[in-house]
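# Geometric and topological summary
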Amino acid sequence: MSNTTRTVNVGLIGLGTVGGGVARVIARHHDEYLRAYGIDLRLAKASALEPERAAELGIAPEAFTTDWHEVVADPAVDIVIELIGGEHPATEIFESAIAAGKHVVSANKALLGRRIDYLGDLAAKAGVQIRCEAAAGGGIPIVNALEHALVANGMLTIAGILNGTTNYILTRMTNEGLGYEEVLADAQRLGYAEADPTADVDGFDAASKVAILSSIAFHTRVTTDDVYMQGIRNISAADIEQARQMGYAIKLLGIARMTPQGIDARVHPTMIPANHMLASVSGAMNAVFAVGDAVGETMFYGAGAGAFPTASAVVGDVLELANGIASGLDLGPEPEPFPRTVPIRPIDDLETRYYIRLSVADRAGALAPVVAAFAQAGISISGINQLESDGSNTCSVVFLTHTACERDVQAVCAALEALDEVERVASVIRIEDADAWSEGAEKND
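So, here's what we can say about the structure. Note that the structure is predicted; figures quoted are calculated from it, not measured. (Residues numbered from 1 in each chain as written. Predicted model: local features only at pLDDT ≥ 70, side-chain atom pairs only at ≥ 80, totals over all residues. Heavy atoms only, no water.)

The geometry of two aromatic rings is summed up by the distance between their centres and the angle between their planes. Taken as a whole and judged by the stated rule, the model has four aromatic pairs. Geometrically, the ring pair formed by Phe289 and Trp437 is tilted, given 5.7 Å between the ring centres and 50 degrees between the ring planes. Remark: Trp437 occurs in the segment after strand 17 (422-431) and Phe289 occurs in strand 11 (residues 285-292); sequence separation between them is 148 residues. Neither residue differs from the other here; Phe289 and Trp437 are each classed as buried. (Phe/Tyr/Trp six-rings, centres within 6.5 Å; stacked < 30°, edge-to-face > 60°. Helix = DSSP H or I, 4+ residues; strand = E, 2+ residues; numbered from the N terminus. Buried < 20%, exposed > 50% of the residue type's maximum accessible area, 1.4 Å probe, protein only.)

Time to look at helix 12 (residues 237-246). Here helix 12 has its buried residues at Asp239, Ile240, Gln242 and Ala243. Here the buried residues of helix 12 occupy an arc of 160 degrees about the axis, which is enough to place them on one side. Exposed residues on helix 12 whose side chains face more than 90 degrees from its buried face are Arg244 and Gln245. Two residues or fewer after helix 12 comes Gly247, characterised by a positive phi angle close to 90 degrees. (Arc of directions from axis to C-beta.)

Turning our eyes to something else, we now look at a negative patch on the surface. Side chains of Glu297, Asp433, Asp435 and Glu439 sit close together on the surface and give a patch of like negative charge. Inspection of the secondary structure assignment puts Asp435 in the segment after strand 17. (Patch = residues over 30% accessible without salt bridge, like charges linked within 9 Å, V, L, I, M, F, W, Y side chains within 5 Å. Areas by Shrake-Rupley, 256 points an atom, 1.4 Å probe, with all protein chains shown as cover. Salt bridge = Lys/Arg side-chain N within 4 Å of Asp/Glu carboxyl O. Lys, Arg positive; Asp, Glu negative; His and termini not counted. Charge placed at Lys NZ, Arg CZ, Asp CG, Glu CD.)

Right, let's talk about the sheet that holds strand 4 (residues 79-82) for a bit. Across a sheet, strands are paired by hydrogen bonds formed along the backbone, either parallel or antiparallel in direction. Overall, parallel pairing links the six strands, which are arranged 3-2-1-4-5-6 in an open sheet. A strand with exactly one partner marks an edge of an open sheet, and here the two such strands are strand 3 (64-65) and strand 6 (130-131). Where strand 1 (residues 7-13) lies against strand 2 (residues 40-47), seven bridges are found, and the strand directions are parallel. Bridge assignment links Asn9 to a residue of strand 2, and that residue is Arg42. Contacts from helix 4 (residues 90-99) reach strand 1, strand 4, strand 5 (103-106) and strand 6 within the one sheet, and its direction differs from that of strand 4 by about 175 degrees. (Pairing = 2+ DSSP bridges. Contact = heavy atoms within 4.5 Å. Axes fitted to C-alpha atoms, helices over the stretch in contact; angles between N-to-C directions.)

By the element assignment, Thr259 lies in strand 9 (residues 248-259). Apart from the residues within four sequence positions on either side, Thr259 is in contact with Asp264 and Arg345.

Grouped together as the largest cluster of nonpolar side chains are 74 residues, with contacts concentrated most on Leu146, Ile158 and Ile169. No other element matches the nine residues that helix 11 (residues 204-218) contributes to this core. When neighbours within four sequence positions are excluded, Ile169 is seen to be in contact with Tyr180, Val183, Leu184, Ala187, Val201 and Ile232. Ranked by size, the runner-up nonpolar core spans 34 residues in total, among them Val8, Leu15, Ile39 and Val318. (Core = buried A, V, L, I, M, F, W, Y, C linked by side-chain atoms within 4.5 Å.)

This brings us to the pairing of strand 7 (residues 155-161). Within strand 7, seven of the seven residues are buried, which leaves the element mostly enclosed by the surrounding structure. Of the strand pairs in this sheet, strand 7 and strand 11 are connected by six bridges, and their pairing is antiparallel. Pairing of Ile161 across the sheet is with Ala287, part of strand 11.

Okay, the pattern of salt bridges next. One pass over the structure, following the stated rule, counts 23 salt bridges. Between Arg114 and Asp225 there is a salt bridge, with its nearest N and O atoms 2.9 Å apart. Taken together, the positions of Arg114 in helix 5 (residues 109-126) and Asp225 in the loop between helix 11 and strand 8 (228-229) put the pair 111 residues apart, joining distant regions of the chain. Among the residues examined, Asp225 registers a relative accessible area of 56% and is labelled exposed.

Moving on to helix 14 (residues 367-376). Every buried residue of helix 14 is accounted for by Val370, Ala373 and Phe374. Buried residues along helix 14 cover an arc of 100 degrees about the axis, so they all sit on one side. Residues Ala368, Ala375 and Gln376 are exposed on helix 14 and point more than 90 degrees away from its buried face. Buried residues in helix 14 make contact with strand 13 (351-361), strand 14 (381-386), strand 15 (394-401), helix 15 (406-417) and strand 17. The positive-phi residue at the C-terminal boundary of helix 14 is Gly378, with phi of around 75 degrees.

Closest axis-to-axis distance for the helix 5/helix 11 pair is 8 Å, and the angle between their directions is 45 degrees. In terms of axis orientation, helix 5 runs oblique to helix 11. The way helix 5 lies across helix 11 gives a crossing that is left-handed. In this structure, helix 5 uses Lys109, Ala110, Leu112, Gly113 and Arg114 to contact helix 11, whose residues at the interface are Phe204, Asp205, Ser208, Lys209, Ala211 and Ile212. Split by residue class, the contact of helix 5 with helix 11 holds five nonpolar, two polar and four charged. (Parallel < 35°, antiparallel > 145°, perpendicular 65-115°, else oblique. Left-handed = near helix turned anticlockwise from the far one by under 90°. Nonpolar A, V, L, I, M, F, W, Y, C, P; charged D, E, K, R; others polar.)

Interpretation in functional terms is not warranted from these geometric data alone.
Shown next, in the form of structure tokens:
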């Protein structure tokens, strides 16, 4: 056993699902951390709005407060863990902790995806560090991998299933042939989805993670606002069945690629080959597919949320900091945040294949002006499939395109909406060329 130089005290702000998991993990493994690493890790102060929550977690009354300022101001606290989420008062917690010379560990993807440049600059100037493994993949150690194990690579692509709620919904729609609204209601009842599921189903949660991972992987500033977002609300059982028949699966993917034109950063429903590793990720699980020029293709799989998987990542960050503190080492300041050195590629410049499902008047000749609209936009059609009519005056028709530019696809969709023959553009799904993710990787001959 290593000789313990000193006790390392942690201040925990937020005792919700993840905060409760962190408190339990620290208590459960205290003796093991002491024996294996020589770290006497203590939860010195905790804050939440409900005192009964602290009692439930076995936190002593003298170590609990309802005022987070007391956690940050406690001179015994070495590391502050922020787990309340959102931008406020989380921003103020970061500012106060950093000003007090304390390292900060957080799972707050919404805040860090937008303000890591500001907060990182504060930490760098104050000589403390920010750790955020749990903010980008829950229990998946992707941040550590990008910052350490894969640092020798020029990263080419980060692509993944980064939101468990949407993956759970799409998995059940795929396996059971159910509609989106039905599965969402069930997911809310079971606790997989929030009462307000907007951040998940509209892609914001995944976009925040794409921003964090892109900044780390490509050494350039990417914010959540830079990431194109489209959610899963318009995905239907018919789309999923059509994808299956074509040999694809539909997943909400977060994709970030280094291209000659800049960083391609986007979140949207995507058709990927059914034999791709990401296509087999089911339920509420997450996975990150990372491609480096030297290592080639790698994949990290695990729980992207939940009390203990996320607590695993949070406490892992705490232990990395605590190891240096307990040994009396100078951990050094947070590195200066990456500046914007690579431009963000506009979504309008994306070139890929598209699946477009239209609700069209069910009468002879109705498709002629539709096909003409594609031709006028310069988009080549690779296939047309009319789905079985439901007996109404309209029918669903699926158009598959050859590689086309996003700008032209959006233009043709607007033109189609204006046609009398088209009731609506029901669904537009990008068909991803997953092979392109590995372009630029060295051949392992």
